[in-house]
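# Observations on chain architecture
This is what each chain is made of:
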Amino acid sequence: MLELYGQHISSRLLLGTALYPSPAIMAEAITASGANIVTVSLRRETSGGKSGGQFWSLIQSLGVRVLPNTAGCHSVKEAVTTAKMAREVFATSWIKLEVIGNHDTLQPDVFGLVEAARILASEGFEVFPYTTDDLVVAGRLLDAGCKVLMPWCAPIGSARGPQNLDALRSLRGHFSDVPLIVDAGIGRPSHATTVMELGYDAVLLNTAVAKAGDPVAMAAAFGKAVESGRQAFRAGPLEPRDMAVPSTPVIGMAAFS
Amino acid sequence: MKLTINGEQHEVTAATLAALLADLDYEGGWLATALNGEVVPARERDGCALADGDRIEILAPMKGG
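For clarity, every value in this text was computed on a predicted model and none was experimentally measured.

## With respect to the packing of aromatic side chains
Residues and elements named next belong to chain A. All chains considered together, the criterion is met by three aromatic pairs over all chains. The interplanar angle of 85 degrees and the centroid separation of 5.0 Å between the aromatic rings of Trp56 and Phe90 together place this pair among those described as edge-to-face. Of this pair, Trp56 sits in helix α2 (residues 51-61) while Phe90 sits in helix α3 (residues 76-90), and the two are 34 residues apart along the sequence. The exposure classification of Trp56 matches that of Phe90, with both residues buried. Joined through ring pairs, the aromatic side chains of Tyr5, Trp94 and Phe128 make up one cluster. Here Arg65 stacks its cationic end above the ring of Trp94, 5.2 Å away from the centre of that ring. The ring centre of Phe125 lies 3.8 Å from the NZ or CZ of Arg87, which sits over that ring.

The following block contains the structure:
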């Protein structure tokens, strides 16, 4: 079973809570996906506003664990402050740490990310860093105190799927004991299955479900895809071969000429 | 005194962060607050004195990816 910071998690799919057509569809999609962990954020509340409370009540009613994010933060200071505020509101030391370095690609600022991770880990946070697929950065994040890594496979919301399988394989190979979650860039269930077949521990996605024609059905499809990929990894997939290899026995063939 | 609350200018009389939240009709255990970029936990809002020019952030749970 998947273990993240000492917590045993039955589903290997983590789902975001943004961009759904309605809160009701979001709730139904989360249930259909089988996800045990959902991501949430913190935003300014208007005076007298109740929207935050309503959203939080709905999430709590679903019986899932929350992973608050620092989405939109472009500096270490912003990310660290947001994380502290999230810890108080959501009563969890888990934080999906995002320090964004580029507006167009939403690529992580890996230098700021490592610095923020070190600060937060030293203050008792359990950090889930949203990072690139860079091997050296991954090592630095582990040195900083992270015990889980969340590399992207393509830019957030791009739906392009794994763009660099070699880098993902390399990460998996080097950090065989570290829970690795592919976060961002997944567009289709087959993308999720692909990274799970590589041995990734879990997948985190949002847009691919929320913006699907039928988010609830797509959530269920992703749940199955993740499970299927995991089972395939454990079963030991066949390596590709250069030449054809017959599957039907050649011994015992009739001779007609 | 003048405060910047969630990016907007406000003229207020509240002396503490707790009083400010009450005056502006913010309620609920789900709110998080910061004063001039530093987190102020809920239990410390009563004792958190405000001064002219302070910047205050009042945040709540929101959907996220």
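## As for the interface of chain B and chain A
At the interface, 27 residues of chain B touch 31 residues of chain A. Where chain B abuts chain A, roughly 2400 Å² becomes buried across the two surfaces, and 58% of that area is made up of carbon and sulfur atoms. Considering only the side of chain B, the residues that lose the most area to chain A are Trp30(B), Met62(B) and Gly65(B), jointly responsible for 26% of the buried surface there. Across the contact surface, chain B and chain A share 18 residue pairs in polar contact (both at pLDDT 80 or more). Taken together, the elements giving at least two residues each to the side of chain B that touches chain A come down to β3 (32-35), β4 (38-40) and β5 (55-63) of chain B. With seven residues, the single largest contributor to the side of chain B that touches chain A is β5(B). Among the residues forming the side of chain B that touches chain A, the class breakdown is 15 nonpolar, six polar and six charged.

## Points about the sheet that holds strand β6 (residues 94-97) of chain A
All names here are of chain A. Strand order in the open sheet formed by three strands is β6-β7-β8, and the pairing between neighbours is parallel. Taken across any chain shown, the strands that pair with only one partner, and hence form the sheet edges, are β6 and β8 (150-151). With four bridges joining them, β6 and strand β7 (residues 126-131) adopt parallel strand pairing. Bridge pairing in β7 places Lys96 opposite Phe128.

## Brief notes about the side chain of Arg45(B)
Looking at the secondary structure, you find Arg45(B) in the loop between β4 and β5. Residue Arg45(B) is classed as buried on the basis of its relative accessible area, which comes to 9%. In terms of polar contacts, Arg45(B) uses its side chain to reach the side chain of Thr33(B), at 2.9 Å. Ignoring any residue separated from it by four or fewer positions in sequence, one finds Arg45(B) in contact with Glu88(A), Thr16(B), Leu17(B), Ala18(B), Leu21(B), Leu31(B), Ala32(B), Thr33(B) and Val40(B).

## Some details on the pattern of salt bridges
What the rule picks out here adds up to nine salt bridges over all chains. As a salt-bridge pair, Glu88(A) and Arg45(B) come within 3.8 Å of each other at their nearest N and O atoms. Taken together, the residues span two chains, with Glu88(A) in helix α3 and Arg45(B) in the loop between β4 and β5. On the basis of relative accessible area, Glu88(A) is assigned to the partly exposed category, the value being 28%. Here Lys96(A) makes a salt bridge to Glu98(A), at a shortest N to O gap of 3.6 Å. Assigned by exposure class, Lys96(A) and Glu98(A) land together as buried. One salt-bridge network, held together by shared partners, links Lys96(A), Glu98(A) and Asp183(A).

## Structural notes on helix α4 (residues 110-122) of chain A
Turn by turn, an α-helix covers 3.6 residues, leaving residues three or four places apart pointing in a common direction. Residue and element names in this part refer to chain A. Given a rise of 1.5 Å per residue, 13 residues ought to cover 18 Å, and the 18 Å separating the end C-alpha atoms of α4 matches this to within 8%. Restricting attention to buried positions, one finds in α4 the residues Val110, Gly112, Leu113, Val114, Ala116, Ala117 and Leu120. For α4, the elements touching its buried residues are α3, β6, β7 and α5 (135-143). Two residues or fewer past α4, Gly124 is found with a positive phi of approximately 90 degrees.

## Comments concerning the UniProt feature "binding site: 1-deoxy-D-xylulose 5-phosphate" (unreviewed entry) in chain A
Listed under "binding site: 1-deoxy-D-xylulose 5-phosphate" (unreviewed entry) in the UniProt record, and renumbered for this structure, are Gly157(A), Ala184(A), Gly185(A), Asn206(A) and Thr207(A). Across 51 residues, the annotated set stays spatially compact, with a maximum C-alpha separation of 9.4 Å. As for its placement among the helices and strands, Gly157(A) is situated in the loop between β8 and α6 (165-174). What makes Gly157(A) partly exposed here is its relative accessible area of 48%. Mapped onto the fold, Asn206(A) is located in the loop between β10 (202-205) and α8 (207-210). In this structure Asn206(A) comes out as buried when scored by relative accessible area, which is 9%. Not counting residues within four places of it along the chain, the set of residues in contact with Asn206(A) comprises Gly16(A), Thr17(A), Ala18(A), Tyr20(A), Gly64(B) and Gly65(B).

What counts, and where the lines are drawn
Residues numbered from 1 in each chain as written. Chains lettered and ligands numbered in written order. Predicted model: local features only at pLDDT ≥ 70, side-chain atom pairs only at ≥ 80, totals over all residues. Heavy atoms only, no water. Phe/Tyr/Trp six-rings, centres within 6.5 Å; stacked < 30°, edge-to-face > 60°. Helix = DSSP H or I, 4+ residues; strand = E, 2+ residues; numbered from the N terminus. Buried < 20%, exposed > 50% of the residue type's maximum accessible area, 1.4 Å probe, protein only. Lys NZ or Arg CZ within 6 Å of the ring centre and 35° of its normal. Contact = heavy atoms within 4.5 Å. Buried area = accessible area lost by both parts, 1.4 Å probe. Polar contact = N/O pair within 3.5 Å; in protein donor to acceptor, adjacent residues only side chain to side chain. Nonpolar A, V, L, I, M, F, W, Y, C, P; charged D, E, K, R; others polar. Pairing = 2+ DSSP bridges. Salt bridge = Lys/Arg side-chain N within 4 Å of Asp/Glu carboxyl O. Expected span 1.5 Å × (residues − 1). UniProt positions renumbered as here; feature names shortened; annotations may be inferred.

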